[in-house]
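Per-entry structural report
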Amino acid sequence: MELCNISSTLPNFNPLLSTTSSSPSTTKPFLHFSRRPFNALTLSTSSRQIYLIRPAFPRNSSRTAASKTSSPVAEDTKLEKLPANLTVTETQQPNSRIKLSVEVPQAVCEDCYKRVVNEFTTKSKVPGFRPGKKIPENILMNYLGKEYVQNAVIESILKRTLPHAMNAVTDRALPDSVRISSKFSDLFEMYTSSNSLRYDIVVDVAPEIKWNPENGYKNLKIVVELDNDIDALKASQQELRRRHKSLGILRIVTDRGLQVGDVAVIDISAKTIEQDVSNVQNIPSAESKDFNFDTEDGDKVLPGFLDSLIGIRGGETRSFPILFPESWVQEHLRGVHAEFTVECKELFYRDLPELDDSLADKLVPGCTTLEQVKEALLEKCLEVEKTAKEQATDNAILHQLCKMVEIDIPQSVFEEQGRQLYGAQLLEIQTKMNLNEEQLATISSPKAVSEYLRVQKENITAVLKQNLAVGDIFKRENLQLPTEELVNEVGNSIAEFKRHKQEYDEERVKEQVQDILEGAKVLEWLREHAEIQYITK
């Protein structure tokens, strides 16, 4: 029996893959700039692509104030003079939030009452009165209802006084974070009983960034751990082996058991080993049906798994104990003693063509000798190694910055950043799995988003701290972006949106591009000024 080429028979999911050598971006994807959120852009900067997560609010001080559309007070709007001054008390709260307690004097309330009554008199169509004719107040009240008028007065008071109350913090307020926290029912009771009003506003402000130590970023000492798998020579040899295997045929083994080099189709189940049998539990994450196990990947699976299967024959079932290592990615399985049961359903060996110059063009199109193939693969792997090394360096620097800054993250900013990251994850899932509308609605529900924010709180906070630290360094060191570079990258990004026929906001694109380029400039500056040591895991 013969099977098609091996590359098409292997699955994408391996329940036993070890993650002890995975990169930081695999175990904590949002701690690093190696993954794009939903609203981030990718720019080809320097020798590699720089991925920067766009902050949930602008980093530059000139853009931290609330926008004209989202702030109660626009920069070019002159405040309306009130009959009397408000009393506004400012109280600092956690998460870079300010509470403003506003006391509105009777004179302002009475003036708002008169305005509301005049407005109703002009616009209300009361039977027996011509439009525009003055309507006696008692008749107007009976027609509209006293409570209805009082509600309108309260709304008028809030609308007229809110810009005045916010005036002292407008330049610090974050867009769309202003909220009146007082209950309307309490305001109604207060107004109707005293003809005055007192209400509370909460607003998030741009957080202060504190460095510990001060200017510590200027002399970073970084230790970068590099995965042994990124070694260009080793990676090129593995790639050559992979391509060679893809040219072979899988044939059924009939006269022996499993040996290294074979491919086995197996069913896997696992359960915990307990002294009390009643406490034994299945381990669903380690189970798999019809799993294609390539024994040449034995170093990538759970330690001891391959050794326990050597010699197994087609149709045979084996059970054996395995201890999950302390470095296992799933924390609840670390140190767990488990019993695995494996059924070998089919067993194959590879029938490979001889590796010589005749295969050169099939291994790498355009090559005529095996030596050319090796050189081409090594060159490509050297590029990958360089990019991986630079990315690992950036990740290590960002991780260090995160530990050096103290920032009280506003809750509104945290939630916005979290939604962006969750949106990116949904987009990736949708691209890979093509979910239907019902499935997409389930995983994008408010409950699902809230759970994501809860579980990923540490990672989301780290992303924000990294972004803010990078933006602060850009300003502190007076770094500059060439205007030509910014214009070119904005043009390239807009061209990509047009090519994919996607809607875009040009100003938002420009801000995103600027943030990314600024981040790249800061990382470049930090690499030049840091003491960096590389070690291989």
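Scroll up to find the structure.
Before going into details, it helps to say that this report is about the structure given with it. (Residues numbered from 1 in each chain as written. Predicted model: local features only at pLDDT ≥ 70, side-chain atom pairs only at ≥ 80, totals over all residues. Heavy atoms only, no water.)

A few points about the overall build of the protein chain
Which entries qualify depends on this criterion: Numbered from the N terminus, helices here are DSSP runs of H or I no shorter than four residues, and strands are runs of E no shorter than two. The buried label goes to any residue with under 20% of its type's maximum accessible area, the exposed label to any with over 50%, and the partly exposed label to all in between, with areas taken from a 1.4 Å probe on protein chains only. Here, two residues are considered to be in contact whenever any of their heavy atoms come within 4.5 Å of each other. Note on areas: Shrake-Rupley with a 1.4 Å probe; residue coverage comes only from the protein chains shown.
A count of helical and extended segments in the protein chain gives 15 helices and 15 strands. Within the span of the protein chain, comprising 537 residues, buried residues form 42% of the whole. Of the contacts made within the protein chain by residues no fewer than 6 positions apart, 75% connect residues no fewer than 24 positions apart. Summed over all atoms, the accessible surface of the protein chain reaches about 29900 Å², with 48% contributed by carbon and sulfur.

Notes on the sheet that holds strand 3 (residues 87-93)
Stated precisely, the cut-off is as follows: Strands are treated as partners if at least two bridges between them are detected by DSSP.
The sheet built from four strands is open, its strands ordered 3-4-6-5 with antiparallel pairing. Of all the strands in the sheet, the pair left with one neighbour each is strand 3 and strand 5 (179-180). In the sheet, strand 5 pairs with strand 6 (residues 197-204) via two bridges, with the strands oriented antiparallel. The partner of arginine 179 across the bridge, within strand 6, is valine 202.

Some points on the packing of helix 14 (residues 483-499) against helix 15 (residues 506-529)
Condition: Here the axes come from fitting lines to C-alpha atoms, over the contacting stretch only for helices, and the angles between their N-to-C directions go from 0 to 180 degrees. When describing relative orientation, an angle under 35 degrees is termed roughly parallel and one over 145 degrees roughly antiparallel, while 65 to 115 degrees is termed roughly perpendicular and anything else oblique. Two helices that cross are described as forming a left-handed crossing if the nearer one is turned anticlockwise from the farther one by less than a right angle, and a right-handed crossing if clockwise. Each residue is assigned to one class: nonpolar for Ala, Val, Leu, Ile, Met, Phe, Trp, Tyr, Cys and Pro, charged for Asp, Glu, Lys and Arg, and polar for all the others, Gly among them.
Running from amino to carboxyl end, helix 14 crosses helix 15 at an angle of 125°, the nearest separation of the two axes being 9 Å. As summarised for this structure, helix 14 and helix 15 are arranged oblique, according to the angle between their axes. Crossing handedness for the pair helix 14 and helix 15: right-handed. Residues Glu485, Leu486, Glu489, Val490, Ser493, Ile494 and Phe497 of helix 14 touch helix 15, and the partners they reach there are Glu506, Val509, Lys510, Val513, Gln514 and Leu517. Split by residue class, the contact of helix 14 with helix 15 holds seven nonpolar, two polar and four charged.

Observations regarding the nonpolar core
Operational definition: The nonpolar core is taken to be a set of buried Ala, Val, Leu, Ile, Met, Phe, Trp, Tyr and Cys residues, with the residues joined through side-chain atoms within 4.5 Å.
Core analysis: the biggest nonpolar cluster contains 48 residues, and Trp211, Leu220, Leu401 and Leu526 have the highest contact counts within it. If one sorts the elements of this core by residue count, helix 13 (residues 457-476) sits on top with eight residues. Those residues in contact with leucine 220 that sit more than four places away from it in its chain are Ile397, Gln400, Leu401, Met404, Leu526, Ala530 and Glu531. Formed by 34 residues, the second largest nonpolar core is a distinct cluster that contains Leu86, Val116, Ile157 and Leu197.

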